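Close look at the chain arrangement
So you can see what is in the structure, the chains are spelled out below.
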Amino acid sequence: MRRRALLAGTAALGSTLLLSACSVGRAGNTIIDIARATPDLSTFVSAIEAVGLAETLDGPGPFTVFAPTNAAFAALPDGQLAALLQPENRRQLINLLTYHALAGANPSAQFAGTRRNVPTLQGQTVLVDGTGGTVRVNDATVVRADIVASNGILHIVNRVILPA
């Protein structure tokens, strides 16, 4: 009887620790705070700020964001990023950036071993594939996963994810 109680208590503690590890981090360490502090996300941050989405990513969430690296933005066709940053293309840039975000905090373990379409904040779905030992979002690979923020989770990807 004591052994069962000990095992049950150990299991409960393990579950609590696992949930704590996957839970949202401390206040003041938002997704946008983390992105701003990550030099390889400066282009992503500039785009977010250009269209006024920084306030959203500083809000309560929770969100999951797949943030492209500077190299991912540099790999876009010549002139595409500059064109997107023009005021007349604001709506198009918002669509692109919100296509990189999901509602809720989604750690990479949630996608392990599965392939599924997940709705984005933009309204379309992305194919999240966690079957090959890595997590892919459409044609982008998560290169740094599970950066826990106070309002969600940030995953860094190697490509800009383009809506259909």
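For the structure itself, look to the data block above.
Residues numbered from 1 in each chain as written. Predicted model: local features only at pLDDT ≥ 70, side-chain atom pairs only at ≥ 80, totals over all residues. Heavy atoms only, no water.

Another point: the overall build of the chain. When helices and strands are counted, the chain shows seven helices and seven strands. N-terminal to C-terminal, the α/β element order of the chain is α-α-α-α-β-α-α-α-β-β-β-β-β-β. Of all 164 residues assigned to the chain, the portion counted as buried reaches 39%. Considering only residue pairs separated by 6 or more positions, the chain has 62% of its internal contacts joining residues 24 or more positions apart. (Helix = DSSP H or I, 4+ residues; strand = E, 2+ residues; numbered from the N terminus. Buried < 20%, exposed > 50% of the residue type's maximum accessible area, 1.4 Å probe, protein only. Contact = heavy atoms within 4.5 Å.)

This part is about helix α3 (residues 42-50). If you check which residues of α3 are buried, you get F44, V45, A47 and I48. Buried residues of α3, viewed axially, fall in a sector of 160°; they line one side. Looking at the buried residues of α3, the elements they touch are α2 (31-36), α4 (54-57), β1 (63-68), α5 (70-74) and α7 (90-98). Remark: G52 follows α3 within two positions and exhibits a positive phi of approximately 80°. (Arc of directions from axis to C-beta.)

This next bit is on unusual backbone geometry. Backbone torsion omega between G61 and P62 reads 5°, so that peptide bond is classified as cis. Residue position: P62 is located in the loop between α4 and β1. Non-glycine residue N138 carries a positive phi angle of around 55°. Of note, N138 is situated in the loop between β5 (136-137) and β6 (140-149). Positive phi outside glycine occurs at D146, with the angle close to 60°. Here D146 shows up in strand β6.

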